[in-house]
Amino acid sequence: MFSIPFLTVPPLRAARGTVRLPGSKSISNRVLLLAGLSEGTTVVRDLLDSDDTRVMLDALRALGCGVAAQGPDWHITGLGGQLSTKTADLFLGNAGTAMRPLTAALAVLAATQQGTFELKGIPRMHERPIGDLVDALRQLGCPIDYLGNEGYPPLRLRPGSAPLDTSAPIRVRGDVSSQFLTALLLGLPLVSDAGPVTIEVEGELTSKPYIEITLNLLARFGILVRRDGWARFTIPQGSRYRSPGDIHVEGDASSASYFVALGAIAAHGGRAVRIEGVGDDSIQGDIRFVDAARAMGADVTSGPGWLEVRRGAWPLKAIDLDCNHIPDAAMTLAVMALFAEGTTRLTNIASWRVKETDRIAAMATELRKLGARVVEGADFIEVAAPERWSAASIHTYDDHRIAMCFSLAAFNPLARPAGHVPVRILDPRCVGKTFPDYFEALFDVVEADSADVPVLTIDGPTASGKGTLASAVAIALGYHFLDSGALYRATALAAMQAGVTDTDEAGLARVAAGLQLKFTGHQIWLAGVEVSDDLRQEHVGAMASRVSTFPSVRDALKALQLSHRRVPGLVADGRDMGTVIFPGADLKVFVTASAAVRAERRHKQLISKGIPANIDSLRADLEARDLRDQSRTVAPLKPAEDAKLFDNSQLTVDQCVAQVLEWWEAKQAF
Ligand SMILES: O=C(O)C1=C[C@@H](OP(=O)(O)O)[C@@H](O)[C@H](O)C1
Ligand SMILES: C=C(OP(=O)(O)O)C(=O)O
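Treat the numbers as computed from the prediction; the structure is a model and nothing was measured.

A look at the overall build of the protein chain
- Across its full length, the protein chain carries 22 helices and 35 strands.
- Its C-alpha atoms give the protein chain principal-axis dimensions of about 90 × 55 × 45 Å.
- The buried share of the protein chain, reckoned over its 670 residues, is 58%.
- In the protein chain, the share of contacts with a sequence separation of at least 24, taken over all contacts with a separation of at least 6, comes to 76%.
- Accessible surface for the protein chain amounts to roughly 25000 Å². Of this, 50% is attributable to carbon and sulfur atoms.
- Taken together, the 69 basic and 77 acidic charged side chains of the protein chain have centroids lying 1 Å from each other.

Digging into the site of ligand 1
- Around ligand 1, the structure places Lys 25, Ser 26, Arg 30, Thr 97, Ser 177, Ser 178, Gln 179, Ser 207, Tyr 210, Asp 328, Ser 351 and Lys 355.
- Note that an oxygen atom of ligand 1 is positioned 2.6 Å from one of the side-chain N or O atoms of Ser 207.
- At a separation of 2.6 Å, an oxygen atom of ligand 1 approaches a polar side-chain atom of Lys 355.
- Here ligand 1 loses 96% of its free accessible area of 390 Å² to cover by the protein chains.
- Counting residues per element, the shell around ligand 1 draws most heavily on helix 1 (residues 25-37), at 3 residues.
- A per-class count over the shell around ligand 1 returns 1 nonpolar, 7 polar and 4 charged.

Side note on the site of ligand 2
- Every one of the 14 residues lining ligand 2 counts as a neighbour, but Lys 25, Gly 96, Arg 128, Arg 401 and Lys 433 are closest to it.
- Note that an oxygen atom of ligand 2 is positioned 2.7 Å from one of the backbone N or O atoms of Gly 96.
- Measuring from an oxygen atom of ligand 2, one finds a side-chain N or O atom of Arg 128 at 2.6 Å.
- Expressed as a share of its isolated accessible area of 300 Å², the protein-covered part of ligand 2 is 98%.
- Of the residues assigned to the shell around ligand 2, the class counts are 1 nonpolar, 5 polar and 8 charged.
- Residues lining the shell around ligand 2 come from more than one domain, with at least three contributed by each of domain 1 (6-22 + 251-450) and domain 2 (26-248).

Describing the domain arrangement of the protein chain
- For the protein chain, the assigned domains read domain 1 (6-22 + 251-450), domain 2 (26-248), domain 3 (453-479 + 568-612 + 629-670) and domain 4 (482-554).
- For domain 1 and domain 4, the distance between their C-alpha centroids amounts to 43 Å.

Concerning the UniProt feature "binding site: phosphoenolpyruvate" (unreviewed entry) in the protein chain
- With numbering matched to this structure, UniProt assigns "binding site: phosphoenolpyruvate" (unreviewed entry) to Lys 25, Gly 96, Arg 128, Gln 179, Arg 359, Arg 401 and Lys 433.
- Within the secondary structure layout, Gly 96 lies in helix 3 (residues 96-113).
- In contact with Gly 96, not counting residues within four places along its chain, are Pro 101, Met 125, Arg 128 and Gln 179.
- Since its relative accessible area comes to 0%, Arg 359 is described here as buried.
- Residues in contact with Arg 359, not counting those within four places in the same chain, are Asp 328, Met 331, Trp 352, Arg 353, Asp 399, His 400 and Arg 401.

Things to note about the sheet that holds strand 32 (residues 529-530)
- One open sheet accounts for 3 strands, arranged 30-31-32; its pairing is antiparallel. The open sheet terminates on both sides in strands that have one partner only, identified here as strand 30 (517-520) and strand 32.
- Relative to strand 31 (residues 523-526), strand 30 is paired through 4 bridges, and the arrangement is antiparallel. Opposite Lys 518, over in strand 31, you have Trp 525 as the bridge partner.
- The strands touched by helix 14 (residues 484-498) are strand 30 and strand 31; relative to strand 31, the strand with the most contacts, the crossing angle is about 35°.

Some points on the nonpolar core
- Core analysis: the biggest nonpolar cluster contains 90 residues, and Phe 259, Leu 262, Leu 333 and Met 363 have the highest contact counts within it.
- Counting residues in each nonpolar core, the second largest holds 79 residues, with Ala 95, Val 108, Leu 185 and Ile 235 among its members.

So, the environment of Asp 175
- Turning to its location among the elements, Asp 175 is positioned in the loop between strand 11 (170-173) and helix 5 (179-187).
- Separated by 399 residues in sequence, Asp 175 and Gly 574 place their C-alpha atoms 60 Å apart.
- In this structure Asp 175 touches Glu 202, Glu 204 and Thr 206, once residues within four positions along its chain are discounted.
- Only 3.0 Å separates the side chain of Asp 175 from the side chain of Arg 173, close enough to count as a polar contact.

Overview of the pattern of salt bridges
- Scanning all chains against the criterion turns up 49 salt bridges.
- With a closest N to O distance of 3.5 Å, Arg 602 and Glu 538 form a salt bridge. A residue pair is termed long-range when its members are at least 10 positions apart, and Arg 602 in helix 20 (residues 595-608) and Glu 538 in helix 17 (residues 538-547) qualify at 64 residues.
- Judged by relative accessible area, which is 13%, Arg 602 ranks as buried.

With respect to the packing of helix 11 (residues 400-407) against helix 12 (residues 438-445)
- Interaxial distance between helix 11 and helix 12 falls to 11 Å at its minimum, and their mutual angle equals 10°. In terms of orientation, helix 11 lies roughly parallel with respect to helix 12. Across the interface between the two elements, Ala 403, Met 404 and Ser 407 from helix 11 touch Tyr 438, Phe 439 and Leu 442 from helix 12.
- Residue composition of the contact of helix 11 with helix 12, by class: 5 nonpolar, 1 polar and no charged.

Parameters and conventions
Residues numbered from 1 in each chain as written. Chains lettered and ligands numbered in written order. Predicted model: local features only at pLDDT ≥ 70, side-chain atom pairs only at ≥ 80, totals over all residues. Heavy atoms only, no water. Helix = DSSP H or I, 4+ residues; strand = E, 2+ residues; numbered from the N terminus. Buried < 20%, exposed > 50% of the residue type's maximum accessible area, 1.4 Å probe, protein only. Contact = heavy atoms within 4.5 Å. Areas by Shrake-Rupley, 256 points an atom, 1.4 Å probe, with all protein chains shown as cover. Lys, Arg positive; Asp, Glu negative; His and termini not counted. Charge placed at Lys NZ, Arg CZ, Asp CG, Glu CD. Near = heavy atom within 4 Å. Polar contact = N/O pair within 3.5 Å; in protein donor to acceptor, adjacent residues only side chain to side chain. Nonpolar A, V, L, I, M, F, W, Y, C, P; charged D, E, K, R; others polar. Domains from an automatic or database assignment. UniProt positions renumbered as here; feature names shortened; annotations may be inferred. Pairing = 2+ DSSP bridges. Axes fitted to C-alpha atoms, helices over the stretch in contact; angles between N-to-C directions. Core = buried A, V, L, I, M, F, W, Y, C linked by side-chain atoms within 4.5 Å. Salt bridge = Lys/Arg side-chain N within 4 Å of Asp/Glu carboxyl O. Parallel < 35°, antiparallel > 145°, perpendicular 65-115°, else oblique.

Next comes the structure, spelled out in structure tokens:
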């Protein structure tokens, strides 16, 4: 996950490959609640791991359910309808699928078993309506207090003084959110002992397919609701939650929408985007997004648990669609409209206004920043492609879907007329609500022109702090990090292991060309063995310095270094990054520090790792190494002509990082 203030996506041109989707949010949280209300243990497979499910798991724990992770599976041991904890304060973040269903189930349990529960969330949750659900529960006799504003969380659910009355149908408004009806359907089996419980929906029910998910999962837990269209639902008398024992969560169909759109826009010239985890057998209504994408031109094939998408019609075709049945995925259509001929009109989406943010207003504002022509109304949005694309910093309003769908705007070079601008996503961490690794998954399957992928080079002599600086800058920008020195050190280590001497140029070049190196976070692996610490050894560094003087070794490693230039960008540190490997880098920094400061830093570094070291000999060594690096004929250590020279002897790491980021920002289009 990218937990950084912003992530800049460079212009993108194509997509291909396979994406494995995380579990469905809507299924995950329903299954967790149902398992928590059942007797016995339910093993939940492929549960979504995200902010929304974490708050539900925490709530179940606080209520006394057994919650245990075993490998990728979750074992949930339920309450069997009996409260084991009578009071709890539950924090439910911004998860509608936790707040609404828990309100219903706990209101009933609190009223009938003398419990007191407080339910709250983040500030936005306290602006999301819940009044229709509270009104319905009050009809039964559940005592519920608003702790803030009338009609909104936070709520207190209190003990009741009389048995709950289920004799008359419970009426609930359905036109604001389907989650109120879902909540009643999930919670009211708890009061079905005295007789069947009937729920009547007032007004036109919104987001209907989510009710199908609810009914489907209730059936999996032994509760067969009778229904009369969308107006009347009856929970049979004596309904009991019965754990199915084992249950699998299919991939999230709303999350699939970004990759369906990706295929429709960017899987051209024989490429395809394959999506695994959700397919034509899905129980989620958002699978119908596929029909909308097809209407815009996508070429989609599907089977059980998979979708495969290619570009069909191009440019895409504008559509006019009632999106009430796919409220979440429909946001993706608004971004696809940027690649369509004509004006796309999405209607019947009033519910967008009461979700993570006012999504109609947010989409309109952010689409306009890119240059799109947008008309918004109380319950619709119209989008036409930009005549001229602008580089934009997309505000995400703590709304995962805004972050995810706007990332697709980076394909603007493919649009008609084409753009050539990066797209900056502010607060990319917000995708944590439902798809923490969204950007990683996206970057795995996209292609950019190498020249469009930004590169920042940081060169300098040994122990100048360039590695620490470069890695911190890479983390701050969410970019890849290339420690090119590690490639030379790995060549030296591999040569030593293979018995190749430091004078055998041809042998060393062969070792370099066959290097099996892998970088994972801060670890470096050579032929499957972790060598991060070995590479830091002084004798390996010294050998690396000798090895790196050979032109054929440098050549052999060049392609490997260039291959690190990948979306979304690269920070490369070394000695010739700005001069030889990436001469066109967007920003070049050359760091130095006095020999005394560098010897001291190296000394500290070695001592802290328990490696004995002598400061004077370290200084002599590094001065000798400087001389060798500067005077070698191939790629000598020297600043590029257009490099920013940076003596960091007197600066802290944070100050250095801030300086480099300031130079970087000054070069951006935002
Ligand atoms: O029941 C559910 O799982 C959901 C229902 C929908 O909400 P509304 O019914 O409020 O439209 C949807 O937007 C939300 O992401 C999940
Ligand atoms: C509306 C959404 O979330 P919630 O489940 O919180 O309603 C969503 O995920 O788009």
